[in-house]
Amino acid sequence: MRIMRQAVDVLAVFDVGALSPRPIRFKVVERGIKKTVRVTDIKNIEWYGAGGMTRIVYDCLTVCEGRRIEYQLLFFYKECRWEIDKSA
């Protein structure tokens, strides 16, 4: 997965009593092809807020074809919008 930063469609679970949604999988466009990626593990969750813009940053891990891929999913709370950030 070779992505810099882009908007993604995420399937997330909003557990009762949880402060943040839990991403399960997402769709990302890679080389013009949309593919589904399953979130294998969430290592850390941090809340950030400045100027009325609250976002939640998830440090995630996906195991794909035997490779470990680390990336961040960002959830912009008030906009209900997801982005992925992956350094090449």
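Further up the page is the structure itself.
Predicted, not measured: the structure shown is a model, and the values here were computed from it.

Cut-offs used in this document
- Residues numbered from 1 in each chain as written.
- Predicted model: local features only at pLDDT ≥ 70, side-chain atom pairs only at ≥ 80, totals over all residues.
- Heavy atoms only, no water.
- Helix = DSSP H or I, 4+ residues; strand = E, 2+ residues; numbered from the N terminus.
- Contact = heavy atoms within 4.5 Å.
- Polar contact = N/O pair within 3.5 Å; in protein donor to acceptor, adjacent residues only side chain to side chain.
- Pairing = 2+ DSSP bridges.
- Axes fitted to C-alpha atoms, helices over the stretch in contact; angles between N-to-C directions.

### Side note on the environment of Gln 72
Next up, step 1: Structurally, Gln 72 can be placed in strand β7 (residues 67–76).
Next up, step 2: Considered as a pair, Gln 72 and Val 8 are 64 residues apart in the sequence and their alpha carbons are 12 Å apart.
Next up, step 3: Among all residues touching Gln 72, those that are not within four sequence positions of it are Val 57, Tyr 58, Asp 59, Glu 83, Ile 84 and Asp 85.
Next up, step 4: There is a polar contact of 2.8 Å between the side chain of Gln 72 and the side chain of Asp 59.

### Side note on the sheet that holds strand β8 (residues 81–85)
Paired through backbone hydrogen bonds, the strands of a sheet run either parallel or antiparallel to each other.
Next up, step 1: The strand order across the open sheet formed by 5 strands is β1-β8-β7-β6-β5, and the pairing between neighbours is antiparallel. Bordering the open sheet on either side are β1 (5–7) and β5 (41–50), each of which pairs with just one other strand. Ignoring strand direction, the axes of neighbouring strands in this sheet form an average angle of 25°.
Next up, step 2: Taken together, the 9 bridges between β5 and strand β6 (residues 53–64) define a ladder with antiparallel strand orientation.

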